[in-house]
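# Fold and contact review
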Amino acid sequence: MSHNHEHHHDHDHDHDHDVDDLITLIDDEGNEVLFRIHMTIDGQEQFNKDYVLLYDASTPEGEEVELLAYAYIQEEGEADGRLLEIETEAEWDMIEEVFNAFEAEEEE
């Protein structure tokens, strides 16, 4: 079962982004696309994975962004981790709950 969840929101943070916040993905046409990490979610206890929410780094500050969500696994000894499709509704539910709580906190 595959789900494509997209979240749109205004991304208007006033902090500097580090290079570590960036990740390059290859699109369906083989092009490299630079993404910025919006947030990471610790899902180790429930699902033995972590999760990452990304958006296109070329989006101007203050404009609405489309968030992509992936499971993230880093094996011991690997320099880079692997991004995987999110497999279950339970994972999506947990990600959305954490994301919504984060967004509510940001608005306060």
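The name an unreviewed UniProt entry assigns to the protein chain is UPF0473 protein ESZ54_07855, from the organism Vagococcus silagei. Entered under Sequence similarities (unreviewed entry) in the UniProt record, the comment concerning the protein chain runs "Belongs to the UPF0473 family."

This part takes up the pattern of salt bridges. Under the definition given, this model contains two salt bridges. Among the ionic pairs, Glu 87 bridges to Lys 49, the shortest N-O distance being 3.7 Å. Residue Glu 87 is located in the loop between strand E6 (82-84) and helix H2 (89-107), and its partner Lys 49 is located in strand E4 (residues 49-56); the two are separated by 38 residues in the primary sequence. For Glu 87, a relative accessible area of 52% puts it in the exposed group. On the basis of relative accessibility, which here comes to 13%, the residue Lys 49 falls in the buried class. Connected through salt bridges with shared partners, the residues Lys 49, Glu 87 and Glu 91 form a single ionic network.

Our focus in this paragraph is a negative patch on the surface. A contiguous patch of negative charge, built from Glu 105, Glu 106, Glu 107 and Glu 108, is present on the exposed surface. Along the chain, the position of Glu 106 falls in helix H2.

With that out of the way, let us pick up the pairing of strand E3 (residues 32-43). Examined bridge by bridge, strand E2 (residues 22-26) and E3 share five bridges and lie antiparallel to one another. Considered in E3, the bridge of Leu 25 is made with Val 33. Of the strand pairs in this sheet, E3 and E4 are connected by eight bridges, and their pairing is antiparallel. The partner of Met 39 across the bridge, within E4, is Leu 53.

Each value, and the rule that gives it
- Residues numbered from 1 in each chain as written.
- Predicted model: local features only at pLDDT ≥ 70, side-chain atom pairs only at ≥ 80, totals over all residues.
- Heavy atoms only, no water.
- UniProt positions renumbered as here; feature names shortened; annotations may be inferred.
- Salt bridge = Lys/Arg side-chain N within 4 Å of Asp/Glu carboxyl O.
- Helix = DSSP H or I, 4+ residues; strand = E, 2+ residues; numbered from the N terminus.
- Buried < 20%, exposed > 50% of the residue type's maximum accessible area, 1.4 Å probe, protein only.
- Patch = residues over 30% accessible without salt bridge, like charges linked within 9 Å, V, L, I, M, F, W, Y side chains within 5 Å.
- Areas by Shrake-Rupley, 256 points an atom, 1.4 Å probe, with all protein chains shown as cover.
- Lys, Arg positive; Asp, Glu negative; His and termini not counted.
- Charge placed at Lys NZ, Arg CZ, Asp CG, Glu CD.
- Pairing = 2+ DSSP bridges.

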